[in-house]
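Descriptive structure summary
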Amino acid sequence: MTPPPGPLAPPHHRRIVALGGGHGLAAALTALRLLTDNVTAVVTVADDGGSSGRLREDFDVLPPGDLRMALSALCDDSDWGHTWRDVLQHRFAGTGELRGHALGNLMIVSIWELLGDTVEGLDLVGRLLGARGRVLPMAAVPLEIVAEIRGHDPQRPDETVEVRGQHRVASSPGVVSSIGILPTCPEPCHEAMAAVADADWVMLGPGSWFTSVMPHLLVPGLADALVATPAKRLLNLNLEVNKGETRDFRAEDHLASFAANAPDLRLDVVLADPSVVPDGASLRAAAADLGAELVVAPVAARGAPGVHDPLRLAAALRDVVS
């Protein structure tokens, strides 16, 4: 495979595992594929909305959407890879039963039914895309997010209630005070644990903090693998740390939340864009409490708030992992 042109080529062969889900993980993978051919994405499997939620309910399968997005992000840089990426990402319009479904979701579920093996099915789609890396689920069964949220009902802003489901948690107007998963001890994906054990670097984030990043720390087998791995661990902070699920958070609050959900897990690097570091000393101290060095580097796209620039993120990660 011909490496991409420019200062980031040729790719080296460090083994990097990226954990997350949705658009945040896709952004990380788009950058990482410029650095190495040995990327493994470990993807959250708690989505219960949209096309993924419908397929999960109808067929009792893992929600395929975040897995599809990760595969598409790792596609080969060729007409073949880009064409199949676009096929997977195509979403049906109209008013019929297919409305809103991504073709890739339907394809993945079909392949799972034919092969009877989730990981083998994802590997097959990866080969179709010429994917520069591998995509794995974080657990072998679909998960349900359970959160304690204060102010979920705007009419009762001081009341804390239990909210279930990734979509409901992510769209809540309230403030998340704690997060959990059901089942509480799901069977982990053993290939994902093996990838973490063999990695040179493990990266968490960016992504929706409570519904894409933190759930990985709540799967006991995967959490144990993250603690035990000899790999270095990097936390990539979001570009908008105080919106959505983490409304009114500071970057330091993300690190406090990380420590609360994974008290035994140490970090080596916390990567942050300058826009989320108004107080470098405070964030550096919070990172040090987790054993980590704070690296501040511009990774945001110019003129697009909240969006990572793949080349800038790749350059920042290259300097860290080299």
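Our structure is the block above this text.
Let me begin by describing the structure that accompanies this report. (Residues numbered from 1 in each chain as written. Predicted model: local features only at pLDDT ≥ 70, side-chain atom pairs only at ≥ 80, totals over all residues. Heavy atoms only, no water.)

Tallied over the entire structure, the rule returns eleven salt bridges. Note that Arg-250 and Asp-253 form a salt bridge whose closest N and O atoms lie 3.4 Å from each other. Residue Asp-253 is classed as partly exposed on the basis of its relative accessible area of 23%. Between Arg-318 and Asp-319 there is a salt bridge whose closest N-O contact spans 3.7 Å. Overlapping salt bridges, with partners in common, bring together Glu-144, Glu-162 and Arg-164 in one network. (Salt bridge = Lys/Arg side-chain N within 4 Å of Asp/Glu carboxyl O. Buried < 20%, exposed > 50% of the residue type's maximum accessible area, 1.4 Å probe, protein only.)

On to the sheet that holds strand β2 (residues 39-43), then. Read from one edge of the open sheet, seven strands run β3-β2-β1-β7-β8-β9-β10, paired in parallel fashion. Two strands in the sheet have a free side with no partner beyond their single neighbour: β3 (134-137) and β10 (293-296). Averaged over all pairs of adjacent strands, the angle between their axes in this sheet comes to 20°, without regard to strand direction. As defined by bridge partners, strand β1 (residues 16-20) adjoins strand β7 (residues 201-204) across four bridges and the pair is classed as parallel. Each residue of the ladder has a partner; that of Ile-16, found in β7, is Trp-201. Packed on one face of the sheet, helix α3 (residues 65-73) meets β2 and β3 and runs near 165° to β3. (Pairing = 2+ DSSP bridges. Helix = DSSP H or I, 4+ residues; strand = E, 2+ residues; numbered from the N terminus. Axes fitted to C-alpha atoms, helices over the stretch in contact; angles between N-to-C directions. Contact = heavy atoms within 4.5 Å.)

Further remarks concern the side chain of Asp-66. As for its position among the elements, Asp-66 is in helix α3. Of the side chains bearing the opposite charge, Arg-68 lies closest to the buried Asp-66, which forms no salt bridge; the N-O distance is 7.1 Å. If sequence neighbours within four positions are ignored, Asp-66 has contacts with Gly-21, Gly-22, Val-43 and Thr-44. (Lys, Arg positive; Asp, Glu negative; His and termini not counted.)

Bringing the environment of Leu-143 into the picture now. With respect to the helices and strands, Leu-143 occurs in the loop between β3 and β4 (144-150). Measuring from C-alpha to C-alpha, the distance between Leu-143 and Leu-235 comes to 23 Å, with 92 residues separating the pair along the chain. With residues near it in sequence (within four places) discarded, Leu-143 still touches Val-45, Ala-46, Arg-56, Met-138, Ile-181, Leu-182, Pro-183, Pro-186 and Val-219.

Now for the packing of aromatic side chains. A full pass over the atoms with the stated rule returns two aromatic pairs. Between Trp-80 and Trp-84, the ring centres sit 6.2 Å apart and the planes meet at 55°, which makes this aromatic pair tilted. With Trp-80 and Trp-84 both in helix α4 (residues 79-89) and four residues apart, this pair spans about one turn of that helix. Ring centres of Phe-210 and Phe-249 lie 6.0 Å apart, and the angle between their planes is 90°; this geometry places the pair in the edge-to-face category. Linking Phe-210 in helix α9 (residues 209-213) with Phe-249 in the loop between β8 (232-236) and α11 (251-261), this pair joins segments that are 39 residues apart in sequence. Taking relative accessible area as the criterion, Phe-210 reaches 4% and is therefore assigned buried. (Phe/Tyr/Trp six-rings, centres within 6.5 Å; stacked < 30°, edge-to-face > 60°.)

All we've got here are geometric facts, nothing functional implied.
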